[in-house]
Amino acid sequence: MNDVVPSKTERADSGKYVNSPETILYSKSKVLYGFDKAKTEIRKADKVVLVEGQMDAILPWQHGIKNIVATSGTALTEDHLEILKRLCDRLVIAFDVDEAGSRATKKGIDMALQAGFDVKVLNVGSGKDPADFVKENPGGFARLVESSRHIMDYYFDRNFAKFDKSTIEGKKFIALAVLSEIKRLASAIEKSH
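As a starting point, this report considers the structure included with it.

Thresholds, definitions, all that
Residues numbered from 1 in each chain as written. Predicted model: local features only at pLDDT ≥ 70, side-chain atom pairs only at ≥ 80, totals over all residues. Heavy atoms only, no water. Helix = DSSP H or I, 4+ residues; strand = E, 2+ residues; numbered from the N terminus. Buried < 20%, exposed > 50% of the residue type's maximum accessible area, 1.4 Å probe, protein only. Contact = heavy atoms within 4.5 Å. Areas by Shrake-Rupley, 256 points an atom, 1.4 Å probe, with all protein chains shown as cover. Core = buried A, V, L, I, M, F, W, Y, C linked by side-chain atoms within 4.5 Å. Phe/Tyr/Trp six-rings, centres within 6.5 Å; stacked < 30°, edge-to-face > 60°. Lys NZ or Arg CZ within 6 Å of the ring centre and 35° of its normal.

Quick word on the overall build of the chain
Moving on, step 1. When you go through the chain residue by residue, the secondary structure sums to nine helices and five strands.
Moving on, step 2. Counting the 193 residues in the chain, one finds 38% classified as buried.
Moving on, step 3. Sequence separation of 24 or more characterises 68% of the internal contacts of the chain that already satisfy a separation of 6 or more.
Moving on, step 4. Just so you have it, the chain exposes about 12,000 Å², and 55% of that area is on carbon and sulfur atoms.

Structure (structure tokens):
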């Protein structure tokens, strides 16, 4: 008889992590996990690696990525960006790149571009988060950060993979998707390129 009795807080249909609610004492939309440890390194590198959860910040930090912070169960907000903009101009986003993750972070990316950040996307692979990647590839996360791609390269690749560029309809959808992203860029030079 090895029946496992779940705890009162554990449910079979619950997600990987359980989010705590926003409270007066803990405002997730204003707090960046690990910021106190990372701010000096962020300033030195003029770059921050932004992840979605605490474990996604802890494991890379333990493997030498000291300019990493995490949002805590919330999307990227203007308050987060304001805090980071005081220290750096470059933002590497290592959020989940699945369809749901992309929709959830798109608004934050648009806000970061409007705030004047140079935004890059780090691709850890499908179905993985930074913590999983670090566990499977010790020491490889630093190379991944260095090879992160500009947000527009990410949008181009994503849309070329999603739509058939050999058909008129595919070209139309690619153009609509990519041009709508290009117009959000703050830099006229980046828009022209």
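After presenting the structure, the write-up continues.
Side note on the nonpolar core
Moving on, step 1. Core analysis: the biggest nonpolar cluster contains 31 residues, and I42, V69, L84, L91, F117, V119 and I151 have the highest contact counts within it.
Moving on, step 2. At the level of elements, α1 (35–45), β1 (47–51), α3 (78–85), β3 (90–93), α4 (99–114), β4 (118–121), α7 (151–162) and α8 (168–182) are the ones that each hand at least two residues to this core.
Moving on, step 3. When sequence neighbours within four positions are dropped, the list of residues in contact with V119 reads L91, I93, I109, A112, L113, R149, H150 and I151.
Moving on, step 4. A57, L59, A94 and V145 belong to the second-largest nonpolar core, a separate cluster that totals 17 residues.

Structural notes on the packing of aromatic side chains
Moving on, step 1. With the rule as written, the count across this model stands at four aromatic pairs.
Moving on, step 2. Look at Y154 and Y155: their rings are 5.6 Å apart centre to centre, the planes differ by 50°, and that puts the pair in the tilted class.
Moving on, step 3. The class of Y154 is buried, set by a relative accessible area of 16%.
Moving on, step 4. You can call Y155 buried: its relative accessible area is 4%.
Moving on, step 5. Ring centres of F163 and F173 lie 5.3 Å apart, and the angle between their planes is 25°; on these two criteria the pair is classed as stacked. Residue F163 is found in the loop between α7 and α8, and its partner F173 is found in helix α8; the two are separated by ten residues along the sequence.
Moving on, step 6. The positively charged end of K66 is found above the aromatic ring belonging to W61, 3.6 Å away from the centroid.
Moving on, step 7. K85 extends its terminal NZ or CZ atom over the ring of F117, reaching a point 4.7 Å from the ring centre.

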